[in-house]
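Letter by letter, the chains look like this.
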Amino acid sequence: MLDKLTDSMQFSAEALKLRARRQEVLTSNISNVDTPNYKAIDFKFEDALKAATGEKGPMGTPAQPSLGNGAGGLAVTHKGHITGKGNAGQSTAEMLQFRRGNNAAIDGNTVDIERERAAFAENTVKYEAALRAINGRISTLKQAMGSGNQ
């Protein structure tokens, strides 16, 4: 039982860390909107969360997040095969990628301020929701422990 609680809290803690890290990345993009030749960067939250939590993929192998181009990790079909590492175990700094689909301005900057603001707002809402969920779990646990002592 304690393992399940620990795993649940660990997952939530990793999600909060990654949301905070993504806020930093998005803030950097917004801050550099007027910097010549600045290339907007980001990372896929879902892939980073899988890598951070060690989510298991098919056949019990660690999840191997995609590289942003739709290509996943190598499938292991026999225990003698060499596993492709993909992005598993990488930090978010290693998972950062240039934003695709943005046209560069005349000065070479690829930051689309509207896209960055929208991503920032969405990430903020999701961060706050995750924080509320953790607070709710902690409150529930405190109540459960308190009611057992009466």
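Refer to the preceding data block for the structure.
Treat the numbers as computed from the prediction; the structure is a model and nothing was measured.

What should I look at first to understand the overall build of the protein chain in this one?
Looking only at helices and strands, one finds four helices and two strands in the protein chain. Counting the 150 residues in the protein chain, one finds 27% classified as buried. The long-range share in the protein chain, meaning contacts at least 24 apart out of those at least 6 apart in sequence, stands at 67%. As displayed, the protein chain offers around 9,800 Å² of accessible surface, 57% of which is attributable to carbon and sulfur atoms.

How do you make sense of helix α2 (residues 45-53) when you look at a structure like this?
For an α-helix, 3.6 residues make a turn, and residues three or four places apart therefore share a direction. Three or more residues of α2 are buried, namely Phe 45, Asp 47, Ala 48, Leu 49 and Ala 51. Phi turns positive, to about 65°, at Gly 54, one or two residues after α2.

How do you make sense of the packing of aromatic side chains when you look at a structure like this?
Each aromatic ring pair is characterised by the separation of its centres together with the angle its planes make. According to the stated counting rule, one finds zero aromatic pairs in the structure shown. The side chain of Arg 19 reaches across the aromatic face of Phe 45, ending 3.6 Å from its centre.

I'm lost on helix α1 (residues 2-31) in this one. Help?
The first and last C-alpha atoms of α1 sit 43 Å apart over 30 residues, in line with the 44 Å expected at 1.5 Å per residue. Of the residues making up α1, those classed as buried are Ser 12, Glu 14, Ala 15, Leu 16, Leu 18, Arg 19, Arg 22, Gln 23, Val 25, Leu 26 and Asn 29.

Is there a simple way to explain the pattern of salt bridges in this structure?
Opposite charge on two side chains allows them to pair when their charged atoms are near. In total, this model carries five salt bridges according to the counting rule given. For Arg 21, the salt bridge is made with Glu 24, and the minimal N-O distance between the two is 3.3 Å. Residue Arg 21 and its partner Glu 24 are located together in helix α1, separated by three residues, close to a single helical turn. Glu 24 gets classed as partly exposed once you look at its relative accessible area, which sits at 49%. Arg 117 is the salt-bridge partner of Glu 114, the closest N and O atoms lying 3.5 Å from each other. In this pair, Glu 114 and Arg 117 both sit in helix α4 (residues 113-148), three residues apart, roughly one turn of the helix. Classification of Arg 117 as partly exposed rests on a relative accessible area of 48%.

Calculation notes
Residues numbered from 1 in each chain as written. Predicted model: local features only at pLDDT ≥ 70, side-chain atom pairs only at ≥ 80, totals over all residues. Heavy atoms only, no water. Helix = DSSP H or I, 4+ residues; strand = E, 2+ residues; numbered from the N terminus. Buried < 20%, exposed > 50% of the residue type's maximum accessible area, 1.4 Å probe, protein only. Contact = heavy atoms within 4.5 Å. Areas by Shrake-Rupley, 256 points an atom, 1.4 Å probe, with all protein chains shown as cover. Phe/Tyr/Trp six-rings, centres within 6.5 Å; stacked < 30°, edge-to-face > 60°. Lys NZ or Arg CZ within 6 Å of the ring centre and 35° of its normal. Expected span 1.5 Å × (residues − 1). Salt bridge = Lys/Arg side-chain N within 4 Å of Asp/Glu carboxyl O.

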